[in-house]
Amino acid sequence: MMEMSPVQIPRIGLGKHKTIREGGADDQPRVILKFRNTLLDREITDLHSMHNSTLLKYDYSLYLPEKDRMVFANEFSALKIERLFVTVTPKAIFSLSKAIKSRKGDFKAILGLLTYFTIVCTTEAQASAVVKLMKQFSTVEFVEIDGTLVTAAAQIDPSLNGAWCRAETAFLREAPGGINAKYAWMIEKSHGIKGGDGGGTQAGLKFVDIEHGWLLTDGHTTAQNHGDIQQVIGIDGQNRAPLGHGTACLGIVVASDKEPPNPADRPSSLGITPNIGSISCVSTYRTMSATQPNLHDALLYAITHRLNTGDVLLVEVYYQEFPRISPRYYGVPVEIDPIIFTLIKGGTDKGITVIEPAGNSDRDNDLDLLGVPRLTRGSGVDSRAILVSAASSSVPRSGKYPNAPLRFNQTGYKIHSFGSRVDCFAWGEDIYTTWHAPGDPPYCYFADTSGAAAIIAGAALSVQGLAKINLGRPFEPLELRDILSNADPNTGGGTLSHDPPSDKIGVMPDLKNIICNRLRLVTQDSSAPAPPANLRIR
């Protein structure tokens with residue numbers, strides 16, 4: 001784990017345009033295995049007596065008999081069975097289980113994480129052979145090849161030629177065009193109601209973004225041009241390319257540029273909640289020597305070390321394919337992995353709101369993932385995460401949006417995952433935000449479910465900031481999900497897509513309607529003042 005001194009998100013500026021695609025995937029296949037919980041079942045009766053438990057040694061030799069260890073060593077002498085969780089100690093896992101138990105959550109599932117291990121292989125064939133062997137051992141409960149993680153592609157619209165785009169930060173505007181973030185900021189001045197911008201140190205919210213890497217220093221401008229820029233406390237893990245994706249997602253949520261160098265022709269841009277108490281970037285590359293991502297460890301680290309009840313976690317990766325052996329699912333949310341599901345459920349059991357993209361594929365999860373309860377609405381198996389899809393930036397909303405350059409299919413429009421399990425949607429194109437790639441300007445027009453999930457994360461932080469300051473407590477994850485995905489306009493509901501039964505992408509939150517008709521902090525006919533002169537949003 002690497003801690004860095006405070007750093008800044010780059011200023012949103014204007015420059016050249018070109019189309020960029022970036023993504024990340026692990027090259028070496030990784031086998032994940034879980035041992036049977038016989039030891040855990042014997043020792044779990046009394047949490048208070050487990051401080052010196054054998055279980056906390058977190059060693060595969062506790063579960064795999066010596067004769068089986070010898071068989072494995074003879075077959076695969078160059079491979080090692082290692083802990084799946086490398087930056088979180090067994091005692092930290094134990095402490096998390098106690099905290100979850102105090103909130104009536106599934107603490108046994110968290111203790112069960114101490115039975116998960118991993119084997120990094122060199123080829124797919126070798127990984128398949130490892131899986132075949134491990135399935136012969138009676139103490140192994142579960143073994144499979146891990147899926148391929150990717151970040152979604154991003155774009156810079158090549159057609160602008162230096163002109164200011166009509167869609168610049170328009171996702172911040174009033175509904176149905178945007179999520180009405182402006183209203184959430186401005187009621188502090190008009191009504192004395194704080195928190196819509198995140199609430200700063202008064203609300204004390206914490207936000208974590210999980211992905212591969214970020215640019216947290218600005219090589220394009222000097223410090224005096226930044227104005228009010230949100231601070232980030234640092235990066236946990238290895239800062240690994242691609243950096244543009246993380247920079248863009250972070251910018252959507254927290255970037256601030258209130259004093260652009262030339263206000264006359266460069267309207268300033270803002271993230272949804274530029275006043276968060278604490279922001280952390282947790283890399284999927286967990287150690288400085290890591291050659292592949294470990295989302296499992298990143299999630300557990302964020303939950304145990306960075307976030308508490310009321311905070312927000314944004315997971316900005318999805319599975320390009322999962323698993324690597326049959327049956328394969330493509331372009332799916334990360335919680336299709338049962339271990340990831342357990343981790344996300346552990347986070348929500350702790351009171352942390354988790355946001356995850358539904359993925360970028362032409363997939364109806366209700367059909368293609370039939371039989372996967374954790375991704376099926378009403379199955380009784382629910383992580384309580386907020387699952388986010390994407391739509392066009394124009395009204396009426398469509399799940400298939402032709403405005404931006406083609407990248408994900410060959411039929412003339414971009415596509416996304418959808419289904420009844422999806423809770424919310426937001427813009428999937430024209431999202432003006434921070435950016436980094438060698439030789440590129442410090443901004444881009446971002447896209448797809450990664451951009452949409454970041455918008456929903458900003459909306460979640462806005463509501464939590466308002467709740468903590470004005471209602472005295474943050475909302476629980478399930479409460480907040482219900483608020484953001486509510487479709488009833490009379491109780492704070494948001495914007496529906498063009499054809500909800502067919503689109504199956506949920507609701508885009510309307511922060512003004514939430515504030516007026518759900519939180520009831522302002523009456524609906526009250527109007528906020530015009531934006532200040534130094535904060536122009538187009």
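Relevant structure appears above.
Residues numbered from 1 in each chain as written. Predicted model: local features only at pLDDT ≥ 70, side-chain atom pairs only at ≥ 80, totals over all residues. Heavy atoms only, no water.

**Digging into the pattern of salt bridges**
The line we're drawing: The salt bridge definition used is simple: a Lys or Arg side-chain nitrogen within 4 Å of an Asp or Glu carboxyl oxygen. In this description a helix means any DSSP run of H or I spanning at least four residues, a strand means any run of E spanning at least two, and both kinds are numbered starting from the N terminus. The buried label goes to any residue with under 20% of its type's maximum accessible area, the exposed label to any with over 50%, and the partly exposed label to all in between, with areas taken from a 1.4 Å probe on protein chains only.
Tallied over the entire structure, the rule returns 16 salt bridges. With its nearest N and O atoms 2.7 Å apart, the salt bridge here joins Arg286 to Asp297. One end of the pair, Arg286, is in the loop between strand S10 (278-283) and helix H9 (295-306); the other, Asp297, is in helix H9, and 11 residues separate them in sequence. Judged by its relative accessible area of 0%, Asp297 is buried. Across the pair Asp423 and Arg481 runs a salt bridge, and its minimum N-O distance is 3.9 Å. You can see Asp423 sitting in the loop between strand S17 (417-418) and strand S18 (424-427) and its partner Arg481 sitting in helix H13 (residues 477-484), a full 58 residues away along the chain. Judged on exposure class, the residue Asp423 and its partner Arg481 are both buried.

**Let's talk about the sheet that holds strand S4 (residues 116-120)**
In sheet architecture, strand pairing relies on hydrogen bonds along the backbone and comes in two forms, parallel and antiparallel. Our working definition: The pairing criterion is simple: DSSP has to find at least two bridges between the two strands.
Taken together, 4 strands build an open sheet; the order of strands is S3-S4-S2-S5 and the sheet is antiparallel. Only two strands of the sheet have a single partner each, and these edge strands are strand S3 (82-83) and strand S5 (140-145). Where strand S2 (residues 30-35) and S5 come together, 5 bridges link them in antiparallel fashion. Residue pairing in the sheet places Ile32 in a bridge with Glu144 of S5.

**A short note on the nonpolar core**
Threshold: The criterion is simple. A nonpolar core is a set of buried Ala, Val, Leu, Ile, Met, Phe, Trp, Tyr and Cys residues joined through side-chain atoms within 4.5 Å. By definition, residues are in contact when any of their heavy atoms lie within 4.5 Å.
In this structure, Ile119, Met134 and Leu313 are the most contacted members of the largest nonpolar core, which totals 73 residues. For this core, the element with the most residues is H9, which contributes 7 residues. When near neighbours in sequence (up to four residues on either side) are disregarded, Ile119 contacts Pro29, Arg30, Val31, Leu33, Phe72, Leu79, Lys80, Ile81, Val130 and Met134. Counting residues in each nonpolar core, the second largest holds 68 residues, with Ile355, Phe418, Ile455 and Leu484 among its members.

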